[in-house]
Amino acid sequence: MWLTLCGVIVLLAYIFGSFPTGYIAGKLLKGIDIREVGSGSTGATNVLRTLGKVPGAFVLLIDALKGVLAINLVYALFNIPYVQNLIPTTVNIQTWQPYLVTLAGLAALLGHSKSIFLGFTGGKSVATGVGILLAINWQMGLSTLGVFAVVIAISRIVSLSSIAGAVAVPIFMVIFHQPLAYIILGIAGGLYVIIRHSSNIKRLIAGTEPKIGQKVETQTEENNRIRVDC
């Protein structure tokens, strides 16, 4: 029963992460599929470029709250008297909880980028990752946001700032003396976010990654440009 309940919690974290905020915003505000515009991501950056600052900020907030909700679901689980009675005496709560938090966090990241509501497409999990960090340790979350802010102020490139933040996460995990389970979350989650930015990395290397305010080519537009250049 206890393991089943833990599995349900992880599944719910995935479903929370899957909530398609950017897609809904595109449909409601402009009647478009945000996945067919700009970078094709449902995340806040593509919403910002496509729909404007207010919708972009709203999607950023909600996507971050998805991560907060996923982590606090685990914390709430361990504070329910009925659930506490289900925990086997052989289970060390102090050891078990961080690993369940890690699983829930990874599930939420996966849900945001591979949403069950969007045919397993989605965003790049940055905002949801920030929400997860803030829920685990607000100082760590703010430190990661600080790295993001410094890099974006210098480069004006959102993807580069996101990648820098992802690299910084496991470092801050160690600095703030987080348990091994959270360090694993920082490494795995950070790598996943970087992998989700693979197309951005290619453009960064090529020197074609757009800065804030610049338009992102859709894949179709990029292919057409390549054919014309050839």
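Residues numbered from 1 in each chain as written. Predicted model: local features only at pLDDT ≥ 70, side-chain atom pairs only at ≥ 80, totals over all residues. Heavy atoms only, no water.

- The chain goes by Glycerol-3-phosphate acyltransferase in an unreviewed UniProt entry, where it is assigned to Aphanizomenon flos-aquae FACHB-1249.
- UniProt annotates the chain under Pathway (unreviewed entry) with the comment "Lipid metabolism; phospholipid metabolism."
- The UniProt entry for the chain carries the following comment under Subcellular location (unreviewed entry): "Cell membrane". (UniProt positions renumbered as here; feature names shortened; annotations may be inferred.)

**Here's the deal with empty space enclosed by the protein**
(1) Moving on: This model, assessed by the stated rule, comprises one cavity of 30 Å³ or more.
(2) Moving on: Quantified by volume, the largest cavity comes out at close to 40 Å³.
(3) Moving on: Forming the walls of the largest cavity are Ser 18, Phe 19, Pro 20, Thr 21, Gly 22, Thr 42, Asp 63, Lys 66, His 112, Ser 115, Leu 118 and Gly 122.
(4) Moving on: Taken together, the elements giving at least two residues each to the lining of the largest cavity come down to α2 (21-30) and α4 (53-77). (1 Å grid on protein atoms, 1.4 Å probe; cavity = no way out; pocket = protein on both sides within 12 Å on 5 of 7 lines; lining within 4 Å. Points joined across faces, edges and corners; volume = space filled by probe spheres on them. Helix = DSSP H or I, 4+ residues; strand = E, 2+ residues; numbered from the N terminus.)

**Focus on the UniProt feature "transmembrane region" (unreviewed entry) in the chain**
(1) Moving on: The residues that UniProt annotates with the feature "transmembrane region" (unreviewed entry) are residues 57-78, 90-110, 145-173 and 179-195.
(2) Moving on: End-to-end, the C-alpha atoms of residues 90-110 are 31 Å apart, and along that stretch the chain is 86% helix and 0% strand.
(3) Moving on: Counted over residues 145-173, helix gives 93% and strand 0%. Its end C-alpha atoms are 14 Å apart.

**Things to note about the packing of aromatic side chains**
(1) Moving on: Evaluated as defined, the whole model comprises one aromatic pair.
(2) Moving on: Consider the rings of Phe 172 and Phe 176, whose centres lie 6.4 Å apart with planes at 50°: the pair is tilted.
(3) Moving on: What makes Phe 176 partly exposed here is its relative accessible area of 27%. (Phe/Tyr/Trp six-rings, centres within 6.5 Å; stacked < 30°, edge-to-face > 60°. Buried < 20%, exposed > 50% of the residue type's maximum accessible area, 1.4 Å probe, protein only.)

**Here we look at the packing of helix α1 (residues 2-18) against helix α6 (residues 93-113)**
(1) Moving on: Running from N to C, α1 and α6 point in directions that differ by 35°, and their axes come no closer than 6 Å. For α1 against α6, the interelement crossing comes out right-handed. Facing α1, whose interface residues are Trp 2, Leu 3, Cys 6, Val 10, Ala 13, Tyr 14, Gly 17 and Ser 18, α6 presents Trp 96, Leu 100, Leu 103, Ala 104, Ala 107, Ala 108, Leu 110, Gly 111 and His 112.
(2) Moving on: Its residues placed into classes, the contact of α1 with α6 shows 13 nonpolar, four polar and no charged. (Axes fitted to C-alpha atoms, helices over the stretch in contact; angles between N-to-C directions. Left-handed = near helix turned anticlockwise from the far one by under 90°. Contact = heavy atoms within 4.5 Å. Nonpolar A, V, L, I, M, F, W, Y, C, P; charged D, E, K, R; others polar.)

**Digging into the packing of α2 against α4**
(1) Moving on: As a packed pair, α2 and α4 sit with axes 9 Å apart at the nearest point and diverge in direction by 150°. In this view, α2 runs roughly antiparallel relative to α4, as classed from their interaxial angle. Considering only the axes of α2 and α4, their crossing is right-handed. Between α2 and α4, the contacting residues are Thr 21, Gly 22, Ala 25 and Leu 29 on the first element and Pro 55, Val 59, Ile 62, Asp 63 and Lys 66 on the second.
(2) Moving on: Split by residue class, the contact of α2 with α4 holds five nonpolar, two polar and two charged. (Parallel < 35°, antiparallel > 145°, perpendicular 65-115°, else oblique.)

**Some points on unusual backbone geometry**
(1) Moving on: Backbone geometry places Ser 125, a non-glycine residue, at a positive phi of 70°.
(2) Moving on: Summarising the element assignment, Ser 125 is placed in the loop between α6 and α7 (126-136).
(3) Moving on: Given the relative accessible area of 0%, Ser 125 is considered buried.

**Notes on the pattern of salt bridges**
(1) Moving on: Taken as a whole and assessed by the stated rule, the structure comprises three salt bridges.
(2) Moving on: A salt bridge links Arg 35 to Asp 33, with the shortest nitrogen-to-oxygen separation between them at 2.9 Å.
(3) Moving on: For Arg 35, a relative accessible area of 28% corresponds to the partly exposed category.
(4) Moving on: Taking the relative accessible area as the measure of exposure, Asp 33 reaches 12% and is therefore buried.
(5) Moving on: A salt bridge links Glu 209 to Arg 203, with the shortest nitrogen-to-oxygen separation between them at 2.6 Å.
(6) Moving on: Under the relative-accessibility criterion, Arg 203 is labelled buried at 18%. (Salt bridge = Lys/Arg side-chain N within 4 Å of Asp/Glu carboxyl O.)

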